[in-house]
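# Per-entry structural report
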Amino acid sequence: MGLLTADTSGGHGVVGRTIKNHANYLNFVCICLAVAASIALVTENLVDKTYFSDNALLPGLVKREFNLKAYLDKVYEELKNEARLSGDRIPHGYLLKQFKSIGLHAYSQNFTHRYPFLDKPDTVGVNVYGILRAPRAPATEALVISAPYSSGRSGETTLPGIALIFALAKYFSTKNFWAKDIVFLIGDQDMLGIYAWLEAYHGSEKSGVLDYGFLPARGGQIQAALNLEIHGREISQLELKIEGLNGQLMNLDLFNVAVELATRESVTPTFHARSHPFTPDPVELATEYALTTISMMISQAKNYPSGAHGLFHKYAIQALTLEGIERTSKEKEGYLSSSLMQVGLVIEGIVRSLNNLLERFNRSYWFYLLPSTRRYISIGYYMIPFGLMTVPLLIKALSILLHLNTVTSNSSNLDRSWSFWDALQFNFFCHILGFVQCSLPWLFQNFPQLLEFFNLKFSVAIHLFLITLSLIFMLNPASIMFRSAHSKRTIGGREAHLMIALLNLALMLSCISLLNISLAFFLAIIMVPTVLLIGSQSKGFLTTVRRLISIILLIIIHPLTLLLIVMIVQSIWNDPTIQLSVHLNQSLSKYQDTILDLIEHWYLYGNWTYFFGCAFLFPVWMQFWMLS
């Protein structure tokens, strides 16, 4: 502390004087170092090779023997016939009969999704599941193999994966080495059915949104789950999906087991459509690593699960989705083909490896980024560039603090000096405005007369009210007067408000980084350089230009504007061959539905993107807007 506070030459200590007088240069150096560290993370010399932390999972100890090809083909043909007869409805009668013919305890579960905002009809579905009881242990632990039902009429078919589940269930029932119950689950209505089953399995309190039926039987405590989305009898690659709800990730050991066993069975494992690159060119290798890492971070930052496996993470269950990409005619010459039997051998190996676990997953990493299927970036590495990106917020805040202390010490009127409490009142006021926006869905849900009065549907009303409230808060003179009430009467009042806003942003980013590093990293890249442009209100041409640039950038990074920009960027990332105008039109047409989806997922699954944007991101943005 002496370096900061010692008075060596009529001022602060060496570090204090450096921060006070050269904060902008230090911030520029930190941002440059953050960029360099981010680039270094995707070089071959710094990424680590994946490994197994728990020896019980070692796949070399497992001999795969799955060989029910004739039964698999028979069930698949029967499923296609049942799907044609049932249309979009799940043929739960046939599925129950099939599980029972294998010898499993088979049950069904009804559920209803009640739309909370009266704009859509209720969604009704039926889940079917069978339980293979462990012959060598009591029903204390369980594994789950699930698949969402889709006949292919409204999306890609999952019938091959469901047929594979029946074949695996029949094969597993002939073995006596299982130490855990194995639950085979077929969920209706995509992820909705699987979530209803999980809620009932864990006895969660029912909400007014999802009404699920009682489960007649349960297995043990679920240790791990595999979700299958196999779209064809011949696949070109096995896509591994790991991103869960609110950016949660599974234990890395489970991912490594799937990659290793797929490779051994000559099935190409891919992550975000890329397998591990084998090239001696370091630039090409780093490019592949960077593209895969960015793809993962984009997916994780959305806070939405990339597959039904992500719902298991909510219950501390390690889960993975295996998506079999159907092989097309164009791929026959350039890609290896894998059959359902090979995928079955991979799943058998994974389940038998999980069967060897003596305890819950408690090793390896839950915080990582994946540049390829064989490399990972641990939290100890990726936090370095993130820290360098957020440190400028603290440097600028400390610089303001040192300046305010100097101004206060030189002022004869201490009653008019700045105060932490005055600045905190403004901070609290902005968060109150954020919670007002956050409460809009609740308001419309409990007082539908508001929608009737304005003659609007909920989807339109929430969109218009969010924009209207944002404009009111931005342009309302009363809000600006609240902020300036103390700053005009006190010395350094505006600088004190800016310091609290910087600390508030640093605190928010730091907390989010421990939950979802990708979201925190992208927000830091966007917001930190912008807020650093906000300075004093002294007059001058350069100061005016700087203030104008900061205002324009703040409008761009408004949460609602930022959502639209993210949608456009994601659209371009998914298909860069389309013209920019097409991406813009598509994003604008989906903008209102995207906001509605965020609210729906908040009510149904507990996705906190909408809540975070309204209650935290908007208030922080509002503080900087009023100070710009």
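Residues numbered from 1 in each chain as written. Predicted model: local features only at pLDDT ≥ 70, side-chain atom pairs only at ≥ 80, totals over all residues. Heavy atoms only, no water.

Within the chain, the secondary structure is distributed over 22 helices and 13 strands. For 628 residues, the compact-globule formula gives about 25 Å, and the C-alpha radius of gyration of the chain, at 28 Å, lands near that figure. Overall, the C-alpha framework of the chain stretches about 90 × 65 × 50 Å when taken along its three principal axes. Across the 628 residues in the chain, those meeting the buried criterion constitute 53%. Contacts in the chain between residues at least 24 apart in sequence constitute 80% of all its contacts with a sequence separation of at least 6. On the chain, roughly 27900 Å² of surface is accessible, and the fraction owed to carbon and sulfur atoms is 61%. Considering the chain, the positive charge centre built from 47 side chains and the negative charge centre built from 44 side chains are found 3 Å apart. (Helix = DSSP H or I, 4+ residues; strand = E, 2+ residues; numbered from the N terminus. Rg over C-alpha atoms; globule rule 2.2 N^0.38 Å. Buried < 20%, exposed > 50% of the residue type's maximum accessible area, 1.4 Å probe, protein only. Contact = heavy atoms within 4.5 Å. Areas by Shrake-Rupley, 256 points an atom, 1.4 Å probe, with all protein chains shown as cover. Lys, Arg positive; Asp, Glu negative; His and termini not counted. Charge placed at Lys NZ, Arg CZ, Asp CG, Glu CD.)

Residues of the chain with pLDDT of at least 70 account for 90%, and the chain-wide mean is 86. Across residues 1–10, confidence stays below pLDDT 50; counting only partners more than four residues off in sequence or on other chains, it has 17 contacts. (pLDDT = per-residue confidence, 0-100.)

Looking now at the nonpolar core. One finds F172, F184, L238, I242, I347, I350 and F624 to be the most contacted residues of the largest nonpolar core, which totals 158 residues. Here this core gets 12 residues from one element, more than from any other, and that element is helix α22 (residues 609–627). In this structure, F624 is in contact with L498, A501, L502, L505, V531, I534 and L554, ignoring residues within four places of it in sequence. (Core = buried A, V, L, I, M, F, W, Y, C linked by side-chain atoms within 4.5 Å.)

Turning to α22, a few remarks are in order. In an α-helix, one full turn covers 3.6 residues, which means residues spaced three or four apart are oriented alike. In this model, α22 (19 residues) spans 26 Å end to end at C-alpha, consistent with the 27 Å of a helix rising 1.5 Å per residue. Where α22 bends most, the angle comes to about 35°, and this point is L617, followed within four residues by the proline P619. Burial analysis of α22 places 16 of its 19 residues in the buried class, which makes it a mostly covered element. (Expected span 1.5 Å × (residues − 1). Bend = angle between axes of the 7 residues up to and from the residue.)

If you check the backbone angles, N303 has positive phi at about 65° while not being a glycine. Relative to the assigned elements, N303 resides in the loop between α8 (282–301) and α9 (309–312). We classify N303 as buried; its relative accessible area is 1%. The backbone of A316 shows a phi angle near 60°, a positive value even though the residue is not glycine.

Across its 14 residues, helix α5 (residues 159–172) extends 20 Å between first and last C-alpha, which sits within 8% of the 20 Å expected from 1.5 Å per residue. Counting buried residues in α5 gives 13 out of 14 residues, a clear majority hidden from the surface.

It is worth spelling out the sheet that holds strand β12 (residues 368–372) at this point. Here three strands make up an open sheet; going across it, the order is β1-β13-β12 and the pairing antiparallel. Whereas interior strands pair on both sides, the edge strands pair on one side only; in this sheet they are β1 (48–49) and β12. Bridge count for β1 against strand β13 (residues 375–378) is two bridges, and the pairing is antiparallel. Paired with D48 across the two strands is Y376, which belongs to β13. Along the sheet, α8 contacts β12 and β13; its crossing angle with β12, the most-contacted strand, is approximately 140°. (Pairing = 2+ DSSP bridges. Axes fitted to C-alpha atoms, helices over the stretch in contact; angles between N-to-C directions.)

Across the 10 residues that make up strand β7 (residues 221–230), a large majority, nine, are buried. As paired strands, strand β4 (residues 141–148) and β7 are joined by six bridges and run parallel to one another. Pairing of L143 across the sheet is with A224, part of β7. Judged from the seven bridges that link them, β7 and strand β10 (residues 318–326) form a sheet pairing that is parallel. In the sheet register, L226 faces β10, and the bridge partner there is L320.

Here D253 lies in helix α7 (residues 252–264). Classification of D253 by relative accessible area gives buried; the value is 1%. Distance in space between the C-alpha atoms of D253 and R264 is 17 Å, their sequence separation being 11 residues. At a separation of 3.0 Å, a polar atom in the side chain of D253 contacts the main-chain amide nitrogen of S53. (Polar contact = N/O pair within 3.5 Å; in protein donor to acceptor, adjacent residues only side chain to side chain.)

Counted as a void, the largest pocket has a volume near 1400 Å³. Lining the largest pocket are 44 residues, and of these K302, L563, V566, M567 and Q570 sit closest to its centre. Breaking the lining of the largest pocket down by element, the ones donating at least two residues are α8, α15 (458–475), α18 (517–532), α20 (559–574), α21 (580–604) and α22. Sorting elements by how many residues they give to the lining of the largest pocket places α20 first, with 12 residues. The residue inventory of the lining of the largest pocket, partitioned by class, reads 26 nonpolar, 14 polar and four charged. (1 Å grid on protein atoms, 1.4 Å probe; cavity = no way out; pocket = protein on both sides within 12 Å on 5 of 7 lines; lining within 4 Å. Points joined across faces, edges and corners; volume = space filled by probe spheres on them. Nonpolar A, V, L, I, M, F, W, Y, C, P; charged D, E, K, R; others polar.)

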